[in-house]
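Letter by letter, the chains look like this.
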Amino acid sequence: MKIVVATHNENKLREMREVIISETGLSDSDFELVSAGSLQLPDVKETGVTFEENALIKAQDVARRTGLPAVADDSGLIVEILGKAPGILSARWAGKHGDDKANIDLLLAQLEDIPDENRGAYFRCAVALVIPDAQGGFINKIHIGDMHGTIVRQRKGSNGFGYDPIFVPTEQEGTRTSAQLSAQEKNAISHRGKALRMLVKDIRELCA
């Protein structure tokens, strides 16, 4: 079974594969995850106003183009003191999509005078699985996961991507950022890992 992940981010593809394999007991011979980028599919405009809407938009576009089941996620950082921003604008908070350094620099500057006790935040991820049906429509399944924590003042760690170097999850011992956790540690508590684990039953049934 081939499943297309609606992303051009190979880091995200790798995380999804690791979580699905560890939670389903499936192997690479049971299913194949490929990225939209590897198939030269274009990025679709994320016109939704929620993570759920954007995940469905992306997954449905890929399923429509390929005729294959598609998985998409939309995720972002929600900072309480900023009125839940950056939210769905997380990847382009500084203006250019995917410029992690600029996004972090801007966020740290915005929070510079905010006391540590008011720097609470959480990552949210919506994961959608879209399956084309025989009538030309879609079967849509969607799940949401959160990871709560705090924004620190300096980058720490070199793992992960996005805002990981400045985010300390509460669901861990110590004060390491997400970028200081191993892939296994991060997947166990991450917003994407939680949403994907809820999607595991759907993936297992699809590959049966």
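Owing to the predicted nature of the structure, the values given are computational and were not obtained by experimental measurement.

Reading the values: the criteria
- Residues numbered from 1 in each chain as written.
- Predicted model: local features only at pLDDT ≥ 70, side-chain atom pairs only at ≥ 80, totals over all residues.
- Heavy atoms only, no water.
- Core = buried A, V, L, I, M, F, W, Y, C linked by side-chain atoms within 4.5 Å.
- Buried < 20%, exposed > 50% of the residue type's maximum accessible area, 1.4 Å probe, protein only.
- Helix = DSSP H or I, 4+ residues; strand = E, 2+ residues; numbered from the N terminus.
- Contact = heavy atoms within 4.5 Å.
- Salt bridge = Lys/Arg side-chain N within 4 Å of Asp/Glu carboxyl O.
- Phe/Tyr/Trp six-rings, centres within 6.5 Å; stacked < 30°, edge-to-face > 60°.
- Lys NZ or Arg CZ within 6 Å of the ring centre and 35° of its normal.
- 1 Å grid on protein atoms, 1.4 Å probe; cavity = no way out; pocket = protein on both sides within 12 Å on 5 of 7 lines; lining within 4 Å.
- Points joined across faces, edges and corners; volume = space filled by probe spheres on them.
- Nonpolar A, V, L, I, M, F, W, Y, C, P; charged D, E, K, R; others polar.

Our focus in this paragraph is the nonpolar core. With 20 residues, the main nonpolar core has Ile3, Leu33, Val71, Val127, Leu129, Leu199 and Ile203 as its most contacted residues. If you list the elements that add at least two residues to this core, you get strand 1 (2-5), helix 1 (10-24), strand 5 (120-132) and helix 5 (191-207). Among the elements that make up this core, the one with the highest residue count is helix 5 (six residues). Discounting chain neighbours no more than four positions away, the residues touching isoleucine 3 are Glu32, Leu33, Val34, Pro69, Ala70, Val71, Ile203, Leu206 and Cys207. By size, the runner-up hydrophobic cluster in this structure holds 18 residues, among which are Leu77, Leu107, Ile151 and Val152.

All chains considered together, the criterion is met by twelve salt bridges. Among the ionic pairs, aspartate 116 bridges to arginine 153, the shortest N-O distance being 2.9 Å. Of this pair, aspartate 116 sits in the loop between helix 3 (100-110) and strand 5 while arginine 153 sits in the loop between strand 6 (138-151) and strand 7 (167-169), placing them 37 residues apart in sequence. The exposure class assigned to arginine 153 is partly exposed, which follows from its relative accessible area of 39%. Residues joined in a network through salt bridges with shared partners are Glu46, Lys58 and Asp74.

By the element assignment, leucine 82 lies in the loop between strand 3 (70-79) and strand 4 (85-86). Relative accessible area serves as the criterion here: at 26%, leucine 82 is assigned to the partly exposed category. Sequence separation of leucine 82 and leucine 33 is 49 residues, and the distance between their C-alpha atoms is 36 Å. When near neighbours in sequence (up to four residues on either side) are disregarded, leucine 82 contacts Leu107, Gln110 and Leu111.

Evaluated as defined, the whole model comprises one aromatic pair. Above the plane of the ring of phenylalanine 161 lies lysine 186, whose end atom (NZ or CZ) is 4.9 Å from the centre.

The next point concerns the layout of surface pockets. Roughly 810 Å³ of internal volume is contained in the largest pocket. Along the walls of the largest pocket sit 34 residues, with Asn9, Lys12, Glu46, Ala91 and His97 positioned nearest its centre. Residue assignment for the lining of the largest pocket shows that the elements contributing at least two residues are helix 2 (51-66), strand 3, helix 3 and helix 5. For the lining of the largest pocket, the class distribution of residues is eleven nonpolar, twelve polar and eleven charged.

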